[in-house]
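# Architecture and fold: a report
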Amino acid sequence: MEKKQFQAESKRLLEMMVHSIYSQKEIFLRELISNASDAIDKIYYKALTDENISFNKEDYYIRIEPNKDNRTLTIKDTGIGMTQEELEENLGTIAKSGSLAFKKEVDMQEGQEIIGQFGVGFYSSFMVADKVTVYTRALHSEEGYKWESDGQEGYTIEPYSKEGVGTEIIIHLKENADEENYDQFLDEFSLKSLIKKYSDFIRYPIKMDVTEKQPKSEDDEELVDVTEEQTINSMVPIWRKNKQELKDEDYKAFYQEKHFGFDQPLSHLHVSVDGMVRFQSILYIPEQLPFNYYSQDFEKGLELYSNGVLIMEKCADLLPDYFSFVRGIVDSEDLSLNISREILQQDRQVKLIAKNIEKKISNHLKSLLKNDREKYEKFFEAFGRQLKYGVYSDFGANKDKLQDLLLFYSSNERKLVSLKEYVERMPEDQEHIYYATGESHDRIEKLPQTEMVKDKGYEILYFTDEVDEFAIKMLMKYDEKEFKSVSSGDLNLEDEETKKEAEKQKEEHKDLLTEMKEILNGKVNDVKLSPRLKSHPVCLSAEGDVSIEMEKVLRQMPD
Ligand code: ADP
Ligand code: MG
């Protein structure tokens, strides 16, 4: 028997679990069932695609066994099992996906919240157990292993001869204390309702022995206890259900069950398409930016199922980069199970699905913008930048699709406006869409260049994000109106008289201007008299297409 220490991060998480005062300890069951289902997904897929494995649908199930005498609750699955390495790797360290690994310091309070919203996988069993035993045997393995831990320092591993491939997790329940009732996890009725509540749409049967009163026989009406194995869950995946039957809560629960994010979904869409390609999909717009969104670790993609069988956890080809924040699942009966990552990109069905999904997301966002402005702005605060990158990238190939989803802060309303709104209320004599760039709204407000434009009664869009101006340069126009920086040299907003006067002044002060230019020696291209300045003595202005702000960004870029 080998004794091993938990990895440091696991220890902290475990400590939090063992001492958890989190009220919904029951979610441990959801976590263990979801792991069992994942494991069956893996073997099910193998069995379907590998001729050497015999396939029998009835062989794939999850079984729940409470034992009052031993105070244990056992969760058995016929999934893929774990090898010794996998046991150590998966249960000795925090799995990447469902974990706190990203947080260096987690305080108890925060921890409670994370447990609630997210579940924390296997370790959550230590909220209710003072010891957990795992028996497991991996596919194609002759022997099995026993893993055991009290959730304190470490765990033990030893060989164990287990019948059949799969995993058996035995929860040794804590003793009841004060307000904590652990006995409920031994009770058939409460177990049944927990499974219904959290795991109803698991696609494999979750079986349990249930004892019910039944007539003794057809002739004898006397009621006696009869115990029989029942399948507790309805097994219909949520995406196959009718939208009308589902509530917001159901979608939220699925988001959590799938660990799509630590947050709540801001909005969801449930799609069922029956055309050139058939598929069902549930897509979520998260509320918050994932913590690793702008890092290398972030992977976009949707879970891809072929007729209910998981074939890929993150299918990137289903989402364009500018919608990479979308999470969710797609299930299509038109996909081959044997599809590989390489073929996937070429696959006609996948392309059709991707196109369709993109359109659905785009329409969903548009209707959100129209019908729930507050929500849309919340979305835009988090992910608007991604849309602007979308306009800019691929040489502007997607700009038409995205331009109406953009919002910018405006001088008029001091809030976010769309380009459509801007153009609709332009005064008749206004030809261009004006914008100003700067570090902050405050800074922009103080720019001398904005004065004259504002005086004319024109609205100015404030660009504080580096990508703003690049995106706009890619758009060039919106509704035939060109974008123009208030700092550009040729605003041409003066009336004839002012212009004439300016010409005159220019002649008069020619020597002074030349002198100034010489003194500034090479630091500026030119020094000009400008009629556009009102209460400021001087301003900087860029010539040509590249603004001063853009120049700054370009200069920071590596060559
Ligand atoms: P996650 O499910 O998010 O990966 P968990 O902590 O729930 O994180 O599980 C950690 C890992 O342990 C899983 O990824 C899986 O590899 C393995 N595992 C857990 N339960 C089982 C099981 N019943 N059968 C096979 N592997 C399992
Ligand atoms: Mg899990």
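Residues numbered from 1 in each chain as written. Chains lettered and ligands numbered in written order. Predicted model: local features only at pLDDT ≥ 70, side-chain atom pairs only at ≥ 80, totals over all residues.

Right, let's get into the overall build of the protein chain. When its secondary structure is counted, the protein chain shows 17 helices and 20 strands. Since a compact globule built from 559 residues should have a radius of gyration of about 24 Å, the 32 Å found for the protein chain marks it as more spread out than a globular shape. Once the C-alpha set of the protein chain is aligned to its principal axes, its extents read approximately 115 × 55 × 45 Å. Scored against the burial criterion, the 559 residues of the protein chain give a buried share of 33%. (Helix = DSSP H or I, 4+ residues; strand = E, 2+ residues; numbered from the N terminus. Rg over C-alpha atoms; globule rule 2.2 N^0.38 Å. Buried ≥ 20, exposed ≤ 12 C-beta atoms within 10 Å, placed from the backbone.)

In spatial order, the strands read β16-β15-β18-β17-β20-β19; together these six strands make up an open sheet with mixed pairing. This sheet does not close on itself; its edge strands, each paired only once, are β16 (416-418) and β19 (477-478). In terms of strand pairing, strand β15 (residues 407-410) meets β16 through three bridges, oriented antiparallel. Counted as the bridge partner of Y409 is L416 from β16. (Pairing = 2+ DSSP bridges.)

Turning our attention to the nonpolar core. The biggest cluster of nonpolar side chains holds 61 residues, and the ones touching the most others in it are I460 and L461. If we skip the residues at most four places from it in the chain, L461 touches F408, S410, Y422, I433, Y434 and Y435. In terms of nonpolar packing, the next biggest core, distinct from the first, is built from 54 residues, A39, I169, I170 and L191 among them. (Core = buried A, V, L, I, M, F, W, Y, C linked by C-beta atoms within 7 Å. Contact = placed C-beta atoms within 7 Å.)

Here we come to helix α5 (residues 188-199). With twelve residues, α5 extends 15 Å from end C-alpha to end C-alpha; this agrees with the ideal 16 Å at 1.5 Å per step. Among the residues of α5, L191, L194, I195, Y198 and S199 are the ones counted as buried. Along α5, the residues classed as buried sweep out an arc of 100° about the axis, all on the same side. (Expected span 1.5 Å × (residues − 1). Arc of directions from axis to C-beta.)

For L246, the location among the structural elements is in the loop between β9 (223-231) and α6 (248-257). Here the alpha-carbon distance between L246 and L540, two residues 294 residues apart in the chain, equals 58 Å. Ignoring any residue separated from it by four or fewer positions in sequence, one finds L246 in contact with I238, K241 and Y251.

Turning our attention to the pairing of strand β12 (residues 302-306). Counting buried positions along β12 yields five of five residues, so the element is predominantly enclosed. As paired elements, β12 and strand β13 (residues 309-315) share four bridges and run antiparallel to each other. Residue pairing in the sheet places Y305 in a bridge with L310 of β13. The hairpin formed by β12 and β13 contains two residues between the paired strands, and N307 there has a positive phi angle of roughly 50°.

So, about helix α8 (residues 348-371). Between the first and last C-alpha of α8 there are 34 Å, a value that for 24 residues agrees with the 34 Å anticipated at 1.5 Å per step. Among all positions of α8, only V350, I353, I357, I361, L365, L368 and L369 are buried.

Read from one edge to the other, the open sheet built from nine strands follows the order β1-β6-β5-β4-β7-β3-β2-β8-β9, with strand pairing classed as mixed. Each having just a single partner strand, β1 (2-5) and β9 make up the two edges of the open sheet. Pairwise comparison of adjacent strand axes, ignoring direction, gives a mean angle of 25° for this sheet. Bridge analysis of β1 against strand β6 (residues 154-160) gives four bridges, and the strand direction is antiparallel. (Axes fitted to C-alpha atoms, helices over the stretch in contact; angles between N-to-C directions.)

Moving on: unusual backbone geometry. Of note, the phi angle at H259 is positive, near 60°, even though the residue is not glycine. Positionally, H259 belongs in the loop between α6 and β10 (265-274). On the basis of neighbour counts, which here come to 18 C-beta atoms within 10 Å, the residue H259 falls in the partly exposed class. One non-glycine residue with positive phi stands out, namely M476, at about 65°. Its place among the elements puts M476 in the loop between α14 (466-475) and β19.

What follows covers the packing of helix α9 (residues 373-392) against α14. When two helices pack together, their arrangement is given by the angle between the helix axes and by the axis-to-axis distance. Between α9 and α14, whose axes approach to 8 Å, the crossing angle comes to 40°. With respect to their mutual orientation, α9 and α14 come out oblique. Once α9 is placed against α14, the crossing between them reads as left-handed. Between α9, through R385, K388, Y389, V391 and Y392, and α14, the contact on the second element is made entirely by V467, D468, F470, A471, M474 and L475. (Parallel < 35°, antiparallel > 145°, perpendicular 65-115°, else oblique. Left-handed = near helix turned anticlockwise from the far one by under 90°.)

Per-residue confidence for the protein chain gives a mean pLDDT of 88, with 91% of residues at or over 70. Reported confidence for the predicted complex is 0.99 by ipTM and 0.76 by pTM. (pLDDT = per-residue confidence, 0-100.)

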